[in-house]
Amino acid sequence: MSEIILDISEIKKLSVEDLFSKYSSSENGLTTSSVKERLEEYGYNDISEKKVNPILKFLGYFWGPIPWMIEVAAILSAIINHWEDFWVIFALLLLNAVVGFWQEYKADDAINLLKKKLALKARVLRDGKWLGISAKELVPGDVVRVRLGDIVPADLKLFAGEYLSVDESSLTGESLPVEKRSADVVYSGSIIRQGEMNGLVVATGMNTFFGRTAKLVEEAKTVSHFQKAVIKIGNYLIVLAAFMIAIIFIASFFRHESFLETLQFALVLTIAAIPVALPAVLSVTMAVGASVLAKKKAIVSKLVAIEEMAGMDILCSDKTGTITKNELTLAEVVPFEGFAQDDVLLFASLASREEDKDPIDSAIVDKAKSFNAVAEKLGTFKIKDFKPFDPIIKRTEATIEDAEGRIYKVTKGAPQVLLTLITGENKGTITSLINKQIEEYAVKGFRILGTAKTDEQGNWHYVGLIPLFDPPREDSAQTIETAQNMGITVKMITGDHTAIGKQIAEKVNLGSNILEVTAFLDKPDEEALGVIEKADGFAQVYPEHKYRIVELLQKKNHIVGMTGDGVNDSPALKKANVGIAVAGATDAAKSAADIVLTSPGLSVIVDAIKESRIIFQRMNSYAIYRIAETIRVLFFITLAILIFDFYPVTAIMIVLLALFNDAPIMAIAYDNVRYSKGPEKWDMRMVLTMATFLGSIGLISSFGIFYIGQEVLLLSKETVQTFIFLKLAVAGHLTIFLTRTRGPFWSIKPSGIMFWSAVSTKILATLVAVYGWFITPISWDLALIVWGYALIAFIISDFLKVRMYKYLGHSEI
């Protein structure tokens, strides 16, 4: 089979007929058996990123800023003969590698699943039948059809159809579309802007001219605004830790303490202060959220959109298929003078292509076939040429031959567009009749299509009108109300007549202030923005108008979501903060969008908004927790050393605290969270204030347990250290339950994973303290005192936390 892999220059030289012969194919496509043989020879056309050896990836977690410090701390422990410290620190290093590797594996697994869901599809002719398959299953010799909005799934030699206008900008950088005709080659990854043609697959996968198909899914590691903010918190904590450790070094110098022991302690303290789990928490939280959204029929192609969606305050939604069902039904057709109802259906069907599965074409063809007389006549015509729907001219056109050999053209499309084709004395009468019919049907919520045909002299005659009705979805009104209660303004964007837009808007309780797009087009930006903000939606909208709407709203600092499905919607989808490709969207729209819906309806979008806000809350909880814990532990240890000349915990205890914290921190990604009632915004002032407040309370309670152990119970130095270690372990995990709610800690039930991971690690820390694994043991009585003290401090902290949130104006969500 290897002889069918040809060089691109050879492909260009050979004729289509020669290539068919070379590939043992024909215009009817390959047979199933030959496809199977070629798949066995080549494998699937699956363009994926370079595979990384999992062993090398795992070993990679032993290097980097954080592992490097852990390694140095372990070496120093060996040098000063603290072998217990060495083995526990080594265990931390190993656990860091295992957890990091496993979490990245889980995140990558989720992203790969999303990539599969967004994989390119292709229309292929096999065994003489048109099929829809994954593009990776294409083999050289296959016959495929590409049309408006498709991303070309493989290198193709074109042979049937009039022309294609192809956007190769993502491949060549050339911004202007290139015209392609029969015998030309179109390359994998380019976008069809106009036209429809068949092509012979000449190269797939890594054998294509550009070596890869267009990449629909962004890398999971794209850094968003929110991630940058959290990373800034991490940098802040590192600077804070460095400052505190510098103070400890200065104090140890004047006290003539061992430099190596101080250095070991400082390194371990730095490890505890730095948010080691930050990358894993970010990636896992995003990946888990993306997986949940996928189950709700919203595929995330750009993970950062999850955060943008959490802050979205305006949603510009398509009417057809999103607010309405996109289940078109035909009312009684309206024939014009000289034609009958059967003629309207007959010529409209001939100007349609059933195999393209277009909703309008399917509705018309199905209706025509339901009449025996029309169905019989359809079989007597032969399609000589077909021009698919073009969004610029807004019509389709077919050249047909009847049973007597006469050739003429038929067309269907926007009624006003077809009027421009008509000549003759009765044009004025037809124009008035069409405008009247459009107004009458629009008030009832019907959209109108026209159909026309030429006579033997090539003159166009208007055949009649086809009223189509697309009813609102049953859940649209309730979903819009839910979105509005969540602080989101929903605006309907439609290309239909204004009266249709108003009629549908009223049925779904959206408001009747639906304006024609001309209401703001020629106005200055400030005035146009006022019109857009006050309107409930716009009618007779073209794709370029969507871009303008998004652009103006963003100038007023709105976070805008925009839906779209067509190739010309791509600029608006890219411009929007959250571009949403609706169910049935073209490949071009999917590639431009941040989120791709696989199920129709507005409810899918609202579900995605809820989930994005839940994810935001989880990240917010983690940020507050991490800062609060650093303040509590870092300040307590530093102040105890400076004021009391006492190391409250040993290096090994700090390492153990870091080990025990990993599981509950990772569980944040799976926690139960109540989504907020309004758009989310990153409020650094609130985060820092609450984190400092909770950290300060923790600092005071830590000194309280220190006082009880040393002054009340008169414990030895080593016992006091274990006493404090257990308190830091128990109270640290309880801090997670403080930060996860703005109301009382019981207001939102934690997830099972979250609760039991925290409880189990607290129990493990207690066993370590009581049985003296690596540290000085304490009695069960002392352990119970610590638990009681920590729980009382937790309840008091929770009470004060609720009051502080109310003071800051951030009461319970």
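If you're wondering where the values come from, they're calculated on a predicted model, not measured in any experiment.

1. Thoughts on the overall build of the chain
Step number 1: The helix and strand tally for the chain stands at 30 helices and 23 strands.
Step number 2: Taken over 813 residues, the chain has a buried fraction of 56%.
Step number 3: When the accessible surface of the chain is split by element, carbon and sulfur atoms take 57% of a total near 34,800 Å².

2. Concerning the environment of glutamate 533
Step number 1: You can see glutamate 533 is positioned in helix 21 (residues 525–534).
Step number 2: Between the C-alpha atoms of glutamate 533 and threonine 489, which are 44 residues apart in sequence, the distance is 9.2 Å.
Step number 3: Contacts of glutamate 533, omitting those with residues within four sequence positions, involve Lys491, Leu553, Lys556 and His558.

3. Here we look at unusual backbone geometry
Step number 1: A positive phi angle is found at glutamine 540, which is not glycine, with a value near 55 degrees.
Step number 2: With respect to the helices and strands, glutamine 540 occurs in the loop between strand 20 (537–539) and helix 22 (543–555).
Step number 3: Overall, the relative accessible area of 29% leaves glutamine 540 in the partly exposed class.
Step number 4: Its identity is not glycine, yet asparagine 557 carries a phi of approximately 65 degrees, on the positive side.
Step number 5: Among the secondary structure elements, asparagine 557 is positioned in the loop between helix 22 and strand 21 (560–564).
Step number 6: Taking relative accessible area as the criterion, asparagine 557 reaches 67% and is therefore assigned exposed.

4. Focus: the packing of aromatic side chains
Step number 1: Enumeration according to the criterion identifies 16 aromatic pairs in this entry.
Step number 2: Taking 5.3 Å as the distance between ring centres and 75 degrees as the angle between the ring planes, the aromatic pair formed by phenylalanine 644 and phenylalanine 706 counts as edge-to-face. Of the two residues, phenylalanine 644 sits in helix 25 (residues 602–644) while phenylalanine 706 sits in helix 27 (residues 684–712), which places them 62 residues apart along the sequence.
Step number 3: Taking relative accessible area as the criterion, phenylalanine 644 reaches 43% and is therefore assigned partly exposed.
Step number 4: Using a relative accessible area of 4% as the deciding quantity, one classes phenylalanine 706 as buried.
Step number 5: A ring pair is formed by tyrosine 771 and tryptophan 780, whose centres lie 6.2 Å apart and whose planes are at 80 degrees; its orientation type is edge-to-face.
Step number 6: Ring pairing ties together the aromatic residues Phe636, Phe644, Phe646, Phe703 and Phe706, which thus form one cluster.
Step number 7: Sitting over the ring of tyrosine 408, lysine 453 keeps its end group 4.5 Å from the ring centre.

5. Regarding the pairing of strand 17 (residues 460–469)
Step number 1: Burial of strand 17 is extensive: nine of the 10 residues sit out of reach of the surface.
Step number 2: Where strand 11 (residues 329–330) meets strand 17, two bridges bridge the pair, whose relative direction is antiparallel. By the bridge assignment for strand 17, threonine 329 is matched with phenylalanine 469.
Step number 3: Pairing geometry for strand 12 (residues 334–335) and strand 17, over two bridges, is antiparallel. In the sheet register, valine 334 faces strand 17, and the bridge partner there is leucine 465.
Step number 4: In terms of strand pairing, strand 16 (residues 446–454) meets strand 17 through nine bridges, oriented antiparallel. Counted as the bridge partner of lysine 453 is histidine 461 from strand 17.

Rules used in this analysis
- Residues numbered from 1 in each chain as written.
- Predicted model: local features only at pLDDT ≥ 70, side-chain atom pairs only at ≥ 80, totals over all residues.
- Heavy atoms only, no water.
- Helix = DSSP H or I, 4+ residues; strand = E, 2+ residues; numbered from the N terminus.
- Buried < 20%, exposed > 50% of the residue type's maximum accessible area, 1.4 Å probe, protein only.
- Areas by Shrake-Rupley, 256 points an atom, 1.4 Å probe, with all protein chains shown as cover.
- Contact = heavy atoms within 4.5 Å.
- Phe/Tyr/Trp six-rings, centres within 6.5 Å; stacked < 30°, edge-to-face > 60°.
- Lys NZ or Arg CZ within 6 Å of the ring centre and 35° of its normal.
- Pairing = 2+ DSSP bridges.

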